[in-house]
Each structure stands twice: as C-alpha cells, then as structure tokens.
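These are the residues of each chain, in order.
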Amino acid sequence: MDFIRYAESSAGLLNADLTDRDSVVTHLAARAWLQAQVTDRDAVVLRRFQKDLRPAFEASARDDAQGVVDVVNALLERHPITPRIADHNPARLHIHVANKAASVADLLIGESLLGLANLICDLGPTRLGVCAATPCTNVYVDTSPNQSRRYCSERCSSRANVAAYRARQKAAAG
Ligand SMILES: [Zn+2]
Ligand SMILES: [Zn+2]
C-alpha cells in the first residue's frame, strides 16, 4: 500500500462535502467504479467519521502525540480493517484495505485509518495539521521533509501571504 497516498486521502475525506449520497459520489469522481455502490447510509457513516477523526488532526496540530495515538487507536477499534494482498498486478503486490463485501464507507474509512496509522508510525504523530489561513478549517497531511507545511492548499497559502504582505505595508505606512 502507498500509505502516504491513503493518509492524504484521509485529509481529503475530512475536507470533503459529504452532505448526502450525491456529494459522496462527487467526492469519488476519480474512482468511478465505486460511485454506483454509494448509499445514503455511506454518507451518514462518513459524516460521523469526519467528526470522529478531526480531533486527531487537532491534537497533532498542537503537538499532542498521545492525543493523536489515542484518537486513531479508538477509531481502529471501532472500524476493524480487513487488509488483503492484492495481486491484480502480479509485478507489484500491494495491500488493499477491505474485501468486496465492504461498503464504500467501510472502504474509505479503512484506507484512511491504515494510511494514518502507517504515517504516524513511520513519520511521527505530529504530521497532521489544520490550515493556518483563517477562516479555513481544512486539514492536511504534512509529508514535507522539514515538516514545514501550514496550509491546506496553494490557494490558502497565497491568500495568507497576501494578507501578511498587506499587514506589513499598513504597519510601515502607519
Ligand atoms: Zn490495487
Ligand atoms: Zn486552507
């Protein structure tokens, strides 16, 4: 499994609008083969997961390593994962998260948690964050070598830079 990609998809899942079935389908635009299986219940389960997972990103953002581990462990217990070695490409065996019987919500939650658990063990528990560009509340996974990420997106980063520049100009003028 490419755990960084799965961990990043957990931030994407948390930031997504999952109001109803249609919005879950939209979120899965890059995975068309899953779209037809999405149910109303998936939207409900995924919204609950968003609420439960956010504290892990908030704990990480304030360097609360124990808090991150506790939240993710509690979620791993609530959402048991069935890992499988996938051989659809025999030259590159890799881990898939859930079996065919799992719902779309189970699959997305399993991928998120396995990705995050691996990321936390390999890169450390303080690699998750909440965007510093208020009022944005999006979360992100920081895989930068010097752990310097502060914003969820390029868009928020440049918005914050412009705001800081204007504030400096105003201070200089006043
Ligand atoms: Zn595969
Ligand atoms: Zn942002």
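Our subject is the structure that appears above.
Visitor: Would you explain the overall build of the chain in this entry?
Guide: On a plain count of helices and strands, the chain comes out with seven helices and four strands. The order of α-helices and β-strands along the chain, N terminus first, is α-α-α-α-α-β-β-α-β-β-α. Referenced to the eigenvectors of the C-alpha coordinate spread, the extents of the chain come out at roughly 65 × 35 × 35 Å. Here the chain, with 174 residues, has 40% of them falling under the buried criterion. In the chain, once contacts between residues fewer than 6 apart in sequence are set aside, the share between residues at least 24 apart is 52%. About 10,200 Å² of surface is accessible on the chain, with carbon and sulfur atoms providing 52% of the total. Positive and negative charge centroids in the chain, built from 21 and 19 side chains respectively, lie 6 Å apart.

Visitor: What is the right way to look at the coordination of the zinc ion (ligand 1) in this model?
Guide: Donor atoms from the polypeptide that bind the zinc ion (ligand 1) are H88 (NE2), H94 (NE2) and H96 (NE2), placed at 2.0 to 2.1 Å. Each donor residue of the zinc ion (ligand 1) belongs to the same chain, and together they define the spacing H-x5-H-x1-H. Taking the relative accessible area as the measure of exposure, H94 reaches 11% and is therefore buried.

Parameters and conventions
Residues numbered from 1 in each chain as written. Chains lettered and ligands numbered in written order. Predicted model: local features only at pLDDT ≥ 70, side-chain atom pairs only at ≥ 80, totals over all residues. Heavy atoms only, no water. Helix = DSSP H or I, 4+ residues; strand = E, 2+ residues; numbered from the N terminus. Buried < 20%, exposed > 50% of the residue type's maximum accessible area, 1.4 Å probe, protein only. Contact = heavy atoms within 4.5 Å. Areas by Shrake-Rupley, 256 points an atom, 1.4 Å probe, with all protein chains shown as cover. Lys, Arg positive; Asp, Glu negative; His and termini not counted. Charge placed at Lys NZ, Arg CZ, Asp CG, Glu CD. Donors = N, O, S within 2.8 Å, 3.2 Å for Na, K, Ca; no water.

All we've got here are geometric facts, nothing functional implied.
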